[in-house]
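Architecture at a glance
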Protein chains: 2
Amino acid sequence: MALVECVPNFSEGRDPKVVEAIVQAIRSEGVRVLGVESDKDHHRSVVTFVGEPEACLRAALAGARIAVERIDLNQHKGEHPRIGAVDVVPFVPISGATMEDCVKLAHRLGERLWSELQVPVYFYEAAALREERRNLEAIRKGQYEGLKEAVRTDPARKPDVGEGLHPTAGATVVGARGPLIAFNINLGTRDKRIADTIARGVRQSSGGFRYVKAMGVDLQDQQCVQVSMNLTDFRGTPMHRVFEAVRTEAERHGVNVIGSEVVGLVPLEALLQAADFYLRLTGFRPKEQILELRMWEGEPT
Amino acid sequence: MALVECVPNFSEGRDPKVVEAIVQAIRSEGVRVLGVESDKDHHRSVVTFVGEPEACLRAALAGARIAVERIDLNQHKGEHPRIGAVDVVPFVPISGATMEDCVKLAHRLGERLWSELQVPVYFYEAAALREERRNLEAIRKGQYEGLKEAVRTDPARKPDVGEGLHPTAGATVVGARGPLIAFNINLGTRDKRIADTIARGVRQSSGGFRYVKAMGVDLQDQQCVQVSMNLTDFRGTPMHRVFEAVRTEAERHGVNVIGSEVVGLVPLEALLQAADFYLRLTGFRPKEQILELRMWEGEPT
């Protein structure tokens, strides 16, 4: 079974009735809602759900329909940048689905947001149609208020699908991206400079791995420091490769890795990669050989 | 969802119609059949299926019903030792089920084999009621032909449930055991003595790990040697601990581990143990944090 994750962000974080109505609409399409986080200061809610690709498409549209009906961006003030009632909708391939599948889902959702709800759409990250729109923040520049003007006057700001802005729901950014893994490694020292140095070594922005964002953090309570990371594509930069790099760099400072943590969700494949690497498995076929995957995904023999 | 594996062995390996009837009966109870292996020389078939505990109990009984109807041990000759048409039925806890759950399933199946099919039952391994019956071979001593006499004359050979033997289906050995993992590690040498030495070091019988059986094997085709192992309880003796022991022992001989292989099925937990160990995860909760497990097993939020 193909499994896709979808993490729509809605510009409503204060009225639980509206959030609940959106979540109900999503859930009614046969996906599994894994989390709902509402933030009052940001005035924003993030829903995480997983399901088969077609169900995720229907669920995203169903949630958007409610949000477009019930949220008025003209009345909306919050700390988080936004351009629409349905602000951002990323699709994430989890298993049995490729990034290309998620790009297609994103494009199909975009067409329907415009044709059925009259909400214009911008495509970002892997679903971007223009290179300069890969970055979400470039699309959201000026936010709803600024974009209202810009779409009329600046051809470079025109939506990828549709025209202008929806009068109350603004526009929506739809895309496809890899699953994020929040992976932190704790070091047996209180010297934060060591964590900072290692973070610089492993993150892309200063010469490290392409799909790693990292920073040093001082964990006062635990009396140690941490290399706190986001892995933005574990297939490109696997957890074990990052772990080994951090371990080796720490050793150079005479420091041990005392533990690691995964914050939130992680795709199974990311952990199986690590088992495969360290056990030096050859010819291992997870879908055929792991009992649970045979049970859940396999065909009867 | 609790998941149990069941691997009944039937004394029919030559007539595909009988084997197919048994498999159909098993499948009709809502379990997933992962494999059917028939051996003509052994005149024996092994069916592997997984499912929820109650479904596994029903499926084992349904398969047994067909086997008891269609197999006559008085006509049966094969190389593999056996005492019954349904010769052995082990239940194996996979996830969300304990060994104790499987022992209870085994005892319930035993009662029903006798009350519904008039087949007497011996309990073995974790389900054994007498210490000397933990070992399957002790129960099967003398096979069907010898047991016919022994149950009448030797009180020590009386079944745990029922009396005597079924006139055509003999008796059945029912039990509970941990999942077997066939785990082989290849060494970068052609010197089989090194594989033999390491095998002796890691297996229980010569002082190694409690749940490891091991031997050295010469892989002519691959021009290397192998430590070929069965792990009989990966919770007691995890894959990574065995791997590290083999790796360390090999290093002492100046030899590298060039790869490993898992033959056949492996429970997901065994691989997650390895990922957890090598990545030094702390506080990781697989059922809550692995996306696929949330999707397949979790409750909606």
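Source: prediction; values computed, not measured.

1. Concerning the overall build of chain A
The number of helices and strands found in chain A is ten helices and eleven strands. The principal-axis extents of the C-alpha atoms in chain A amount to approximately 60 × 55 × 35 Å. Each of the 301 residues in chain A was classed as buried or not, and the buried ones make up 51%.

2. Overview of the interface of chain A and chain B
Contact with chain A, which involves 44 residues of that partner, is made by 44 residues of chain B. Of all the secondary structure elements, the ones that give two or more residues to the side of chain A that touches chain B are β1 (3–6), β3 (32–39), β5 (86–95), α7 (239–252), β11 (257–263), α8 (268–278) and α10 (291–297) of chain A. The leading source of residues in the side of chain A that touches chain B is α8(A), at six residues. Split by residue class, the side of chain A that touches chain B holds 27 nonpolar, ten polar and seven charged.

3. Focus: the sheet that holds strand β10 (residues 224–231) of chain A
Residues and elements named next belong to chain A. The strand order β9-β10-β8-β11 describes an open sheet built from four strands, whose pairing is antiparallel. Of all the strands in the sheet, the pair left with one neighbour each is β9 (212–219) and β11. Recorded for the sheet is a direction-independent mean angle of 20° between the axes of neighbouring strands. Sheet analysis places strand β8 (residues 181–187) next to β10, joined by seven bridges and oriented antiparallel. Across the sheet, residue Leu187 finds its bridge partner in β10, namely Val225.

4. A closer look at the sheet that holds strand β8 (residues 181–187) of chain B
Residues and elements named next belong to chain B. Taken together, the four strands give an open sheet; going across it, the order is β9-β10-β8-β11, and neighbouring strands pair in antiparallel fashion. Edge strands, defined here as strands with exactly one partner in the open sheet, are β9 (212–219) and β11 (257–263). The sheet shows a mean angle of 20° between the axes of neighbouring strands, taken without regard to direction. Along the sheet, helix α6 (residues 192–202) contacts β8, β9 and β10 (224–231); its crossing angle with β9, the most-contacted strand, is approximately 175°. Its contacts with the sheet place helix α7 (residues 239–252) against β8, β9, β10 and β11, and it is angled at close to 20° to β8.

5. Topic: the relation of the copies chain A and chain B
In the superposition of chain A on chain B (RMSD 0.1 Å, axial shift 0.1 Å), the rotation amounts to 180°. Such a turn and shift between the copies fits a two-fold axis. For chain A, the residue whose C-alpha comes nearest the rotation axis is Ala275(A), separated from it by 2.4 Å.

6. What to know about helix α2 (residues 53–70) of chain A
An α-helix turns once per 3.6 residues; consequently, residues spaced three or four apart project the same way. All names here are of chain A. In a regular helix each residue adds 1.5 Å, so 18 residues correspond to 26 Å; α2 covers 26 Å between its end C-alpha atoms and thus fits that length. Inspection of α2 places Pro53, Cys56, Leu57, Arg58, Ala59, Ala60, Leu61, Gly63, Ala64, Ile66, Ala67 and Val68 among the buried residues, and these make up the whole buried set. If you follow the buried residues of α2, they end up packed against β1, β2 (9–10), α1 (16–27), β4 (44–51), β5 and α3 (99–117).

7. Points about unusual backbone geometry
The phi dihedral of Arg280(A) is positive, around 55°, even though this residue is not glycine. The residue Arg280(A) is located in the loop between α8 and α9 (286–289) in this model. Residue classification places Arg280(A) among the partly exposed residues on the basis of 16 C-beta atoms within 10 Å. A positive phi angle, near 50°, is found at His43(B), a position not held by glycine. Considering the arrangement of structural elements, one finds His43(B) in the loop between β3 (32–39) and β4 (44–51). When the 20 C-beta atoms within 10 Å are taken as the criterion, His43(B) is described as buried.

8. Concerning the pairing of β1(A)
Residue and element names in this part refer to chain A. Of the two faces of β1, the one holding Leu3 and Glu5 and the one holding Val4 and Cys6 are both buried throughout. Bridge count for β1 against β5 is four bridges, and the pairing is antiparallel. Across the sheet, the residue bridging to Cys6 is Phe91, located in β5. Relative to β4, β1 runs antiparallel, the two sharing three bridges. Bridge pairing in β4 links Val4 to Gly51.

9. Describing the pairing of β8(A)
Residue and element names in this part refer to chain A. The buried count for β8 comes to five of seven residues, which makes it a mostly enclosed element. In the sheet, β8 pairs with β11 via six bridges, with the strands oriented antiparallel. What sits directly across from Asn184, in β11, is Glu261.

10. A short note on the domain arrangement of chain A
Considered domain by domain, chain A is made up of domain 1 (3–176) and domain 2 (181–292). For domain 1 of chain A and domain 2 of chain A, the distance between their C-alpha centroids amounts to 31 Å.

11. Digging into helix α3 (residues 99–117) of chain B
Residue and element names in this part refer to chain B. End to end, α3 covers 26 Å across 19 residues, agreeing with the expected 27 Å (1.5 Å per residue, within 8%). Among all positions of α3, only Cys102, Val103, Leu105, Ala106, Leu109, Gly110, Leu113, Trp114 and Leu117 are buried. The buried side chains of α3 occupy one side of the element, clustering within an arc of 160° when seen end-on. Turned more than 90 degrees off the buried face of α3, the exposed positions are Glu100, Ser115 and Glu116. Against the buried residues of α3 lie β1 (3–6), α2 (53–70), β5 (86–95), β6 (121–125) and β7 (172–176). Backbone geometry just after α3 places Gln118 at a positive phi near 60°.

12. Section: the confidence of the model for chain A
In this model, chain A carries an average pLDDT of 94, and 98% of its residues clear a pLDDT of 70 or more. Confidence estimates for the predicted assembly give a pTM of 0.80 and an ipTM of 0.79.

13. Focus: the environment of Arg193(B)
All names here are of chain B. In this fold, Arg193 is placed in helix α6. Here Arg193 falls in the exposed class, since 11 other C-beta atoms lie within 10 Å of it. As for Arg193 and Val217, which are separated by 24 residues in sequence, their C-alpha atoms are 9.4 Å apart.

14. Quick notes on the packing of α8(A) against helix α8 (residues 268–279) of chain B
Geometry of a packed helix pair, given as the angle between the helix axes and the separation of the axes. Closest axis-to-axis distance for the α8(A)/α8(B) pair is 8 Å, and the angle between their directions is 80°. One way to sum up the angle between α8(A) and α8(B) is to call them roughly perpendicular. In this structure, α8(A) uses Leu271(A), Leu272(A), Ala274(A), Ala275(A) and Tyr278(A) to contact α8(B), whose residues at the interface are Leu271(B), Leu272(B), Ala274(B), Ala275(B), Tyr278(B) and Leu279(B). For the contact of α8(A) with α8(B), the residue count by class is eleven nonpolar, no polar and no charged.

How each quantity is defined
- Residues numbered from 1 in each chain as written.
- Chains lettered and ligands numbered in written order.
- Predicted model: local features only at pLDDT ≥ 70, side-chain atom pairs only at ≥ 80, totals over all residues.
- Helix = DSSP H or I, 4+ residues; strand = E, 2+ residues; numbered from the N terminus.
- Buried ≥ 20, exposed ≤ 12 C-beta atoms within 10 Å, placed from the backbone.
- Contact = placed C-beta atoms within 7 Å.
- Nonpolar A, V, L, I, M, F, W, Y, C, P; charged D, E, K, R; others polar.
- Pairing = 2+ DSSP bridges.
- Axes fitted to C-alpha atoms, helices over the stretch in contact; angles between N-to-C directions.
- Least-squares fit on C-alpha atoms with pLDDT ≥ 70 in both.
- Expected span 1.5 Å × (residues − 1).
- Domains from an automatic or database assignment.
- Arc of directions from axis to C-beta.
- pLDDT = per-residue confidence, 0-100.
- Parallel < 35°, antiparallel > 145°, perpendicular 65-115°, else oblique.

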